[in-house]
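Listed below, chain by chain, are the residues.
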Amino acid sequence: MTLWETVRTAFESLAENKLRTILTMLGVIIGVMSVVTLLAVGNGVSNYIGSQFSGLGAKQITISNDNRVANARLTIVDLEALQDKLAAPDLMRVVPVVNGNLRVSAGVNQRSVSVVGTNNDYFGLRNTALQEGAFFASDDLDARARVAVLGGGIAETLFPQGGSLGQTILVDAVPFRVIGVLVKQGGFGPNTGDDNVHVPLTVAQEKLFTRRAGGSKALSQIYAELSSAERSTAAAEQITTILRQRHNLLAGQNDDFRIFNQ
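Residues numbered from 1 in each chain as written. Predicted model: local features only at pLDDT ≥ 70, side-chain atom pairs only at ≥ 80, totals over all residues. Heavy atoms only, no water.

Caption draft 1: Region of interest: the overall build of the protein chain. On a plain count of helices and strands, the protein chain comes out with 8 helices and 12 strands. The buried share among the 262 residues of the protein chain stands at 39%. Accessible area of the protein chain: about 14,900 Å², with a carbon and sulfur share of 55%. (Helix = DSSP H or I, 4+ residues; strand = E, 2+ residues; numbered from the N terminus. Buried < 20%, exposed > 50% of the residue type's maximum accessible area, 1.4 Å probe, protein only. Areas by Shrake-Rupley, 256 points an atom, 1.4 Å probe, with all protein chains shown as cover.)

Caption draft 2: Molecular detail of helix 8 (residues 232-246). The terminal C-alpha atoms of helix 8 lie 21 Å apart, and with 15 residues this matches the ideal 21 Å at 1.5 Å per residue to within 8%. Along helix 8, the residues classified as buried are Ser232, Ala234, Ala235, Ala236, Gln238, Ile239, Ile242, Leu243 and Arg244. Asn248 lies just past helix 8 and shows a positive phi near 55°. (Expected span 1.5 Å × (residues − 1).)

Caption draft 3: Summary view of the packing of aromatic side chains. Within the structure shown, the criterion is met by 4 aromatic pairs. Summarising the aromatic geometry, the rings of Tyr122 and Phe123 are spaced 5.6 Å apart at their centres and angled 90° between planes, so their arrangement reads as edge-to-face. Residue classification places Phe123 among the buried residues on the basis of a relative accessible area of 1%. Note on Phe123 and Phe135: the rings are 4.3 Å apart at their centroids and 15° apart in plane angle, and the pair reads as stacked. With Phe123 in helix 4 (residues 121-125) and Phe135 in the loop between strand 5 (130-133) and helix 5 (138-142), this residue pair connects regions lying 12 residues apart in the sequence. Phe135 sits in the partly exposed class, given a relative accessible area of 30%. An aromatic cluster of three or more residues is present, and its members are Tyr122, Phe123, Phe135, Phe136 and Tyr223. Sitting above the plane of the Tyr223 ring, Arg126 keeps its charged end 4.4 Å from the centroid. (Phe/Tyr/Trp six-rings, centres within 6.5 Å; stacked < 30°, edge-to-face > 60°. Lys NZ or Arg CZ within 6 Å of the ring centre and 35° of its normal.)

Caption draft 4: The environment of Val108, seen in detail. Relative to the helices and strands, Val108 is located in the loop between strand 3 (91-106) and strand 4 (109-118). Residue Val108 is classed as exposed on the basis of its relative accessible area of 78%. For the pair formed by Val108 and Leu158, sequence separation is 50 residues and the distance between their alpha carbons is 8.4 Å.

Caption draft 5: Layout of the nonpolar core. Judged by nonpolar contacts, the single largest core of 60 residues is most densely connected at Ile169, Val197 and Leu208. When residues of this core are assigned to their parent elements, the largest contribution, 8 residues, is made by strand 3. Residues contacting Leu208, with those up to four places away along its chain left out, are Leu102, Val115, Val171, Asp172, Val174, Phe176, Val199 and Val203. (Core = buried A, V, L, I, M, F, W, Y, C linked by side-chain atoms within 4.5 Å. Contact = heavy atoms within 4.5 Å.)

Caption draft 6: Quick peek at the environment of Gln253. Inspection of the secondary structure assignment puts Gln253 in the loop between helix 8 and strand 12 (257-261). Here Gln253 falls in the partly exposed class, since its relative accessible area comes to 39%. The residues contacting Gln253, other than those within four sequence positions of it, are Arg244 and Asn248.

Caption draft 7: Structural context of the pattern of salt bridges. Taken as a whole and assessed by the stated rule, the structure comprises 8 salt bridges. In this structure, Arg246 and Asp78 form a salt bridge, with 3.0 Å as the shortest nitrogen-oxygen distance. Remark: Asp78 occurs in helix 3 (residues 76-82) and Arg246 occurs in helix 8; sequence separation between them is 168 residues. What makes Asp78 buried here is its relative accessible area of 1%. (Salt bridge = Lys/Arg side-chain N within 4 Å of Asp/Glu carboxyl O.)

Caption draft 8: Region of the structure containing the environment of Arg93. Mapped onto the fold, Arg93 is located in strand 3. Assessed through its relative accessible area of 26%, Arg93 is described here as partly exposed. The contacts of Arg93, once residues within four sequence positions are left out, are Lys85, Asp121, Gly124, Leu125, Tyr223, Ala224 and Glu225. Of note is the side chain of Arg93, whose polar atom sits 2.5 Å from the side chain of Glu225. (Polar contact = N/O pair within 3.5 Å; in protein donor to acceptor, adjacent residues only side chain to side chain.)

Caption draft 9: Here's a closer look at unusual backbone geometry. The phi torsion at Asn127 lies on the positive side, around 55°, for a residue other than glycine. With respect to the secondary-structure elements, Asn127 resides in the loop between helix 4 and strand 5. Exposure remark for Asn127: the relative accessible area of 44% places this residue in the partly exposed category.

The following block contains the structure:
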């Protein structure tokens, strides 16, 4: 049988069984459309989740003390060791943080909020944007300047009529001048920062958290920005090696720090 005869026979068979042919075609069409639709929805959801995690810091690692271990401490010296590009090539920048809940007030308005002592790299790493004013700079850390950047939520609480720039707030009875207000992000979780008050690290360590164990060099967390999200495992291994050496941990001893990535 020639190719033409095979094709002609097939079409004759289809023509003789129109209903079965139509139903078969519908089954194939619906099946293909279902697969395509599911793939499109799956890719869309995957891209959405990926974008959400990127906003939360997919290229970010958080290092904190392991409070289950006695005398666990992170310090400025640990931070400096992690900034060594030869030892930690996958860490693009490393940011110190010391924080805690303190009473913040402006006139009769007051509230207990998270006060974050850090440096100017913090704002870029945490994807924060200014509504007005400016971030504090490296010079402010060196000068121990008592300046503050308010989250959008706490700015509204302390100054419901607006006009917070240049005003003085009291953080645990220590005066600070407001130099910036962040865009209010809404939502919930540690990355919004709407109710955070940000001050220079040096001032936070020397004026606000002086009783913290570990002295003035103690840190609450260290944030590290990675070269890429795919390098998170390698970066975590580099961090572990550096901190275990810094903390003089012997083989078999548990880490006295914890590493978290998105």
